[in-house]
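These are the residues of each chain, in order.
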Amino acid sequence: MTPTATEPDQTAKSAREQATSDSIARPPSGFDVYADRLFRGLTLVFAALTVVLVLYLLAEVGGNAAPAIQQYGASFITSTTWDVNKGRFGVLPEIWGTLYSSVLALLLGGFFGVSIAIFLTQDFLPPKLEVIFKNIVELLAAIPSVVYGLWGIFVVIPAIRPVADWLHQYLGWIPFFSTTLSGPGMLPAALVLSIMVLPTISAISRDALASVPPRLKEAAFGMGATRWEAILRVILPTASTGIFGALMLGFGRALGETMALAMLVGNSNQLSISLFSPANTLAALLALNFPEADKRQEQVLMYAALLLLAITLVVNICGAAVVRRATAHLSGERK
Amino acid sequence: MRATHSTAAVDGINPPRLERSYREGRTFLSTLLSVVIGAATVIACVPLFSVLIMLIWRGGAKLSWQLFVELPPTAFEDGGGFGNAIVGTLVMVAIAALISVPFGILAALFLAEFGPDSKIAAAARFCAKTLTGLPSILAGVFAYAAVVLLTGTYSAPAGGVALALLMVPTVLLTAEEAMKMVPARMKEAAVGMGCTPSQVVWRIVLPTALPGILTGVMLAVARASGETAPLLFTALFSNYWLVQDGHLALMEPTASLAVLIFNFSGMPFENQIEMAWAAALVLVLLVLVINIAGQLLSRRRL
């Protein structure tokens, strides 16, 4: 069909219609454009909501804690009594218990976590076995913390009690062993906590170790270093920032862990350096006291929640920053 | 390196030995450390096997059909089950998923596709990463302040909100990663055909990234099903079914497997303790099945 000079408009129009109906490629219709704007706006709203959610969380917890903050101020952090009847509240033992249990868990979980990370990245095992061990460690992370608590009550406490009794009897002059283990206490709680932070630490350390450029290790071997000389003097120092970040994030996880501690730490408001004495942590305090709290106690517990929030946020943000810097540093070096 | 340096000094007198000898300190040390580290790895696997064996031994012994259809026993009662707790856990996780999955995916779309370099995206990414480290008990405190105080009652939706807060960052960050893996040339081809950015997302990005997104959702669901702390004072616990006398008691305290384990573990009654173990076995099986399903989904992507 040849277009006549009198109807150029009509031809162009029909060609456009044809393109719209038959061909796959076509310009978006007016409806498409509006739907697109609407949908993009919707996703923007939800992205912004993520930020709003965090701010709302801070405002909600802070707002509910405000009366208690005004009333107790800094003495809340430095006082050691928790007496509901007299209305005196202090969380120093809980802060101590939180930090003490987390440090113990970090020492133990850190040692095992980094060991596993080295064992699974430095060609000790055939790749298939490495994958199996990696999956086993990841399974540890999948088990709910309340199940660890149950296991701790009925397996860990009976298992360590004879050891604890022996240590107290013969080495009781060491402050760490100065009390007897009467059931729940700091040591079983810290042991179970270390199992719970281990997967976090080992997974992030493994990433850090795996991203060390192979040529560094090859150079060390070429100079006659043994496997462990290469690991200790070349690979670990190179990956140290990432491993440090892994430990920070593991520490953050330990600080906020609730159920295993609420079930194992003994819920006792005391300051003690002994590994066997019962203690308490901020998270366990919240878990055990919130369900029965009255209005006043609720505000006090909100204050404790705010403290826990502040501590974990600082540790986690620092940890994430360290990990990010470590990966940026290493990928920059590879170029 | 210092070690090489000192060997070189000795070389002047003796020719270097090339065989490994365990009498040499550094070879011995290297082997010793290898043994130590292998032992540490094996020891770290012991707790997992101990937990699994105890669950199968103590929980498996109690397992019966009765557990899934009956209500929890009172103090001195024998028998009973935790059917209402299983229903409660599933309902609350479903509520949490209904909130967090659309929330996470829509926010991830903005972060990955529509404004990856904008300031809002950077702020949202930072907030999501911060939320991943949020202690689960604080999600409970937040839901208590935001929902329980507002509605005046402990309820399943309050528990669902607390769990959703823990699920959002996982869903969001894994979905963003999955969307970034979609090849740019596929999206460019769609744009070339005249698609609007939203059409590109619906026809190309979402279908292609779906396995990755689902993996993230499954991981989040698995984690949420095992959480106890956020439910302690949002959903509380209940000895009754969610549906009572034909009407749905959604705005009342709701039972969950995790809280049942916590409550029963501290009781001095043998029946309740056995039931806690059986509930723990069911809960771990539930979590593991969801986890494994998620892993299989991600494997299919490759």
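Participant: Mind laying out the overall build of chain A, listing which residues take part and the relevant values?
Facilitator: The helix and strand tally for chain A stands at twelve helices and two strands. Counting from the amino terminus, chain A carries its helices and strands in the arrangement α-α-α-β-β-α-α-α-α-α-α-α-α-α. A globule of 335 residues ought to have a C-alpha radius of gyration of about 20 Å, yet chain A, at 29 Å, is considerably larger. The C-alpha extent of chain A, read off along each of the three principal axes, is 110 × 70 × 35 Å. Residues counted as buried form 49% of the 335 residues belonging to chain A. Here the contacts in chain A between residues at least 6 apart in sequence split such that 75% fall between residues at least 24 apart. Put simply, chain A shows about 15800 Å² of open surface, and 65% of that area lies on carbon and sulfur atoms. Each charge class in chain A can be summarised by its mean position, and for the 22 positive and 21 negative side chains these summaries are 6 Å apart.

Participant: An account of empty space enclosed by the protein is needed here, citing residue identities and associated values.
Facilitator: The rolling of a water-molecule-sized probe over the atoms marks out the regions of remaining empty space. Evaluation of the coordinates by the stated rule reveals three cavities of 30 Å³ or more. Approximately 50 Å³ is the volume found for the largest cavity. Forming the boundary of the largest cavity are Val54(A), Leu57(A), Leu58(A), Leu309(A), Leu313(A), Thr130(B), Leu131(B) and Leu134(B). Per-element tally for the lining of the largest cavity: the top contributor is helix H2 (residues 30-72) of chain A, with three residues. For the lining of the largest cavity, a count of residues per class yields seven nonpolar, one polar and no charged.

Participant: Break down unusual backbone geometry for me, citing the residues and quoting the values.
Facilitator: The phi angle at Asn267(A) is positive, at roughly 50 degrees, despite the residue not being glycine. If you trace the backbone, Asn267(A) turns up in the loop between helix H10 (259-264) and helix H11 (282-289). Within the chain, Leu236(B) stands out as a residue other than glycine whose phi angle is a positive 55 degrees. Positionally, Leu236(B) belongs in the loop between helix H9 (197-226) and strand S1 (243-244).

Participant: A description of the interface of chain A and chain B should follow, citing residues and the corresponding values.
Facilitator: Contacts between the two partners involve 81 residues from chain A and, on the opposite side, 80 residues from chain B. When chain A packs against chain B, close to 7100 Å² is buried across both sides, 81% of that on carbon and sulfur atoms. Counting across the chain A and chain B interface gives one salt bridge. Arg26(B) is the salt-bridge partner of Glu229(A), the closest N and O atoms lying 2.8 Å from each other.

Participant: Go over the pattern of salt bridges, please, and point to the residues and values.
Facilitator: Residues and elements named next belong to chain B. Scanning the model with the defined rule gives twelve salt bridges over all chains in all. Where Glu 270 meets Arg 58, a salt bridge forms, and the shortest distance between an N and an O atom there is 3.6 Å. Pair noted here: Glu 270 is in helix H11 (residues 270-301) and Arg 58 is in helix H2 (residues 25-62), with a separation of 212 residues, a long-range link. Relative accessible area serves as the criterion here: at 22%, Arg 58 is assigned to the partly exposed category.

Participant: I'd like to hear about the packing of aromatic side chains, residue by residue, with values.
Facilitator: All names here are of chain A. Using the criterion set out here, one finds 23 aromatic pairs over all chains in the structure. Note on Trp 166 and Tyr 170: the rings are 5.2 Å apart at their centroids and 40 degrees apart in plane angle, and the pair reads as tilted. Residue Trp 166 and its partner Tyr 170 are both found in helix H6 (residues 145-171); the two are separated by four residues, about one turn of the helix. Taken together, the ring pairs in this structure connect Tyr 72, Phe 76, Trp 82, Phe 89 and Tyr 303 into an aromatic cluster. One cation-aromatic arrangement involves Arg 227 over Phe 124; the distance from NZ or CZ to the ring centre is 4.3 Å.

Participant: Run through the packing of H11(A) against helix H6 (residues 136-151) of chain B, naming residues and quoting values.
Facilitator: At a closest axis distance of 10 Å, the pairing of H11(A) and H6(B) adopts a crossing angle of 40 degrees. Between H11(A) and H6(B), the angle is such that the two are oblique. The two elements H11(A) and H6(B) meet at a crossing, and its hand is left-handed. Along its contact with H11(A), which presents Ala283(A), Leu286(A) and Ala287(A), the element H6(B) presents Ile137(B), Leu138(B) and Val141(B). Classifying every residue of the contact of H11(A) with H6(B) by side-chain character gives six nonpolar, no polar and no charged.

Participant: Would you mind going over H6(A) in detail, with residue names and values included?
Facilitator: Between its terminal C-alpha atoms H6(A) stretches only 33 Å, short of the 39 Å expected from 27 residues at 1.5 Å a residue. By the largest-angle criterion, Gly152(A) marks the main kink of H6(A), which is about 45 degrees.

Cut-off values and rules
In every chain, residue numbers begin from 1 and rise along the written sequence. A letter from A marks each chain and a number from 1 marks each ligand, given out in the order of writing. Selection of residues for local features in this predicted model requires a pLDDT of at least 70, selection of side-chain atom pairs for listing and counting requires 80 or more, and totals for whole chains, interfaces and linings are taken over all residues. Heavy atoms from the whole structure form the basis of all side-chain values; hydrogens and water molecules are not counted. Secondary structure elements follow DSSP: runs of H or I of four or more residues count as helices, runs of E of two or more count as strands, with numbering from the N terminus. Values of the radius of gyration come from C-alpha atoms, whereas the globule rule sets the reference at 2.2 Å times the count of residues to the power 0.38. The cut-offs for exposure are 20% and 50% of the maximum accessible area for each residue type, with area from a 1.4 Å probe on protein chains only; residues under the lower value are buried, those over the upper are exposed, and the others partly exposed. Contact definition: two residues touch when any of their heavy atoms are within 4.5 Å. Where accessible areas are quoted, they stem from the Shrake-Rupley method and a 1.4 Å probe; at the residue level, only the protein chains shown are allowed to cover. Counting rule for charge: Lys and Arg are taken as positive, Asp and Glu as negative, and neither His nor the chain ends is counted. By convention, the point assigned to a charge is CZ for Arg, NZ for Lys, CD for Glu and CG for Asp. Whether a set of points on the 1 Å grid over the protein atoms alone is a cavity depends on a 1.4 Å probe fitting there but being unable to get out, while an open set qualifies as a pocket with protein on both sides within 12 Å along at least five of seven lines; lining residues are those with an atom within 4 Å of a point. Grid points are joined across faces, edges and corners, and a volume is the space filled by probe spheres set on the points. Residues are sorted three ways: Asp, Glu, Lys and Arg are charged, Ala, Val, Leu, Ile, Met, Phe, Trp, Tyr, Cys and Pro are nonpolar, and all the rest, Gly among them, are polar. Buried surface area refers to the total accessible area, computed with a probe of radius 1.4 Å, that the two partners give up upon joining, counted for both partners together. Think of a salt bridge as a Lys or Arg side-chain nitrogen and an Asp or Glu carboxyl oxygen that are within 4 Å of each other. Pairing of aromatic side chains requires ring centres within 6.5 Å, counting the rings of Phe and Tyr and the six-membered ring of Trp. Pairs whose planes differ by under 30 degrees are stacked, by over 60 edge-to-face, and all others tilted. By definition here, charges over rings are those cases where NZ of Lys or CZ of Arg is within 6 Å of the ring centre and within 35 degrees of the ring normal. A fitted line through C-alpha atoms serves as each axis, taken over the contacting stretch for helices, and the angle formed by two N-to-C directions is quoted from 0 to 180°. An angle counts as roughly parallel when it lies under 35 degrees, as roughly antiparallel when it exceeds 145, as roughly perpendicular when it falls between 65 and 115, and as oblique in every other case. The handedness criterion is simple: a crossing whose near helix is rotated anticlockwise from the far helix by less than a right angle is left-handed, and one whose near helix is rotated clockwise is right-handed. Multiplying 1.5 Å by the residue count of a helix minus one yields the expected span of that helix. To get the bend at a given residue, fit one axis to the seven residues ending there, fit another to the seven starting there, and take the angle between those axes.

From the geometry alone we can't say anything about function, so treat these as descriptive.
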